[in-house]
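One letter stands for each residue in the lines below.
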Amino acid sequence: QVQLVESGGGLVQAGGSLRLSCVASGRTFDTHVLGWFRQAPGKEREFVATIRGSFNTTTYADSVKGRFAISKDNARNTAYLQMNNLKPEDTAVYYCVAGVDVRRDPYRVPYWGQGRRVTVSS
């Protein structure tokens, strides 16, 4: 019953910014944690960020700290990922994720969106 619908992303030059959005539907229990993973060409999927519960506790991968910011609109059950100072190595397909307790292992994430492309050119 959980559905995750992403929007945003696109193509930007290095140093620029992009924003991703994810509208989550389903039980509050199943969307207690919302977040983002990414998969670059030839790479495994990796953790990017999560935001948890009503207090919006956030966690970030070291590679994006200080550049990306995850946020959530609880009324709309929508998560966002603001990506600033983008680098070519950020190029990937970004996936919205949800679950009771999403951490860093992609194999343990129960719900995934379809993904949005983010391409950062030099």
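Thresholds applied
- Residues numbered from 1 in each chain as written.
- Predicted model: local features only at pLDDT ≥ 70, side-chain atom pairs only at ≥ 80, totals over all residues.
- Heavy atoms only, no water.
- Core = buried A, V, L, I, M, F, W, Y, C linked by side-chain atoms within 4.5 Å.
- Buried < 20%, exposed > 50% of the residue type's maximum accessible area, 1.4 Å probe, protein only.
- Helix = DSSP H or I, 4+ residues; strand = E, 2+ residues; numbered from the N terminus.
- Contact = heavy atoms within 4.5 Å.
- Pairing = 2+ DSSP bridges.
- Polar contact = N/O pair within 3.5 Å; in protein donor to acceptor, adjacent residues only side chain to side chain.

## As for the nonpolar core
If you look at the biggest cluster of nonpolar residues, it comprises 33 residues, and the most contacted ones within it are L4, W36, V48, F68, L81, M83 and Y94. Elements represented by at least two residues in this core include exactly β3 (18–25), β4 (33–39), β5 (46–52), β7 (68–73), β8 (78–83), β9 (92–99) and β11 (116–121). Not counting residues up to four positions away in its chain, the partners in contact with L4 are C22, V23, A24, L34, C96, V97, A98, Y111, W112, G113 and Q114.

## Quick look at the pairing of β8
For β8, the tally of buried residues reaches 5 of 6 residues, placing the bulk of the element in the interior. Summarising the sheet, β3 and β8 pair through 6 bridges and their orientation is antiparallel. Within the sheet, the bridge partner assigned to R19 lies in β8 and is Q82. Where β7 meets β8, 6 bridges bridge the pair, whose relative direction is antiparallel. Of the residues in β8, the one forming a bridge with S71 is Y80.

## Points about the side chain of D30
When you line up the elements, D30 lands in the loop between β3 and β4. For D30, a relative accessible area of 8% puts it in the buried group. A polar contact of 2.8 Å, which involves the side chain of D30, links it to the side chain of R27. Those residues in contact with D30 that lie beyond four places of it in its chain are V2, A98, G99, V100 and Y111.

From the geometry alone we can't say anything about function, so treat these as descriptive.
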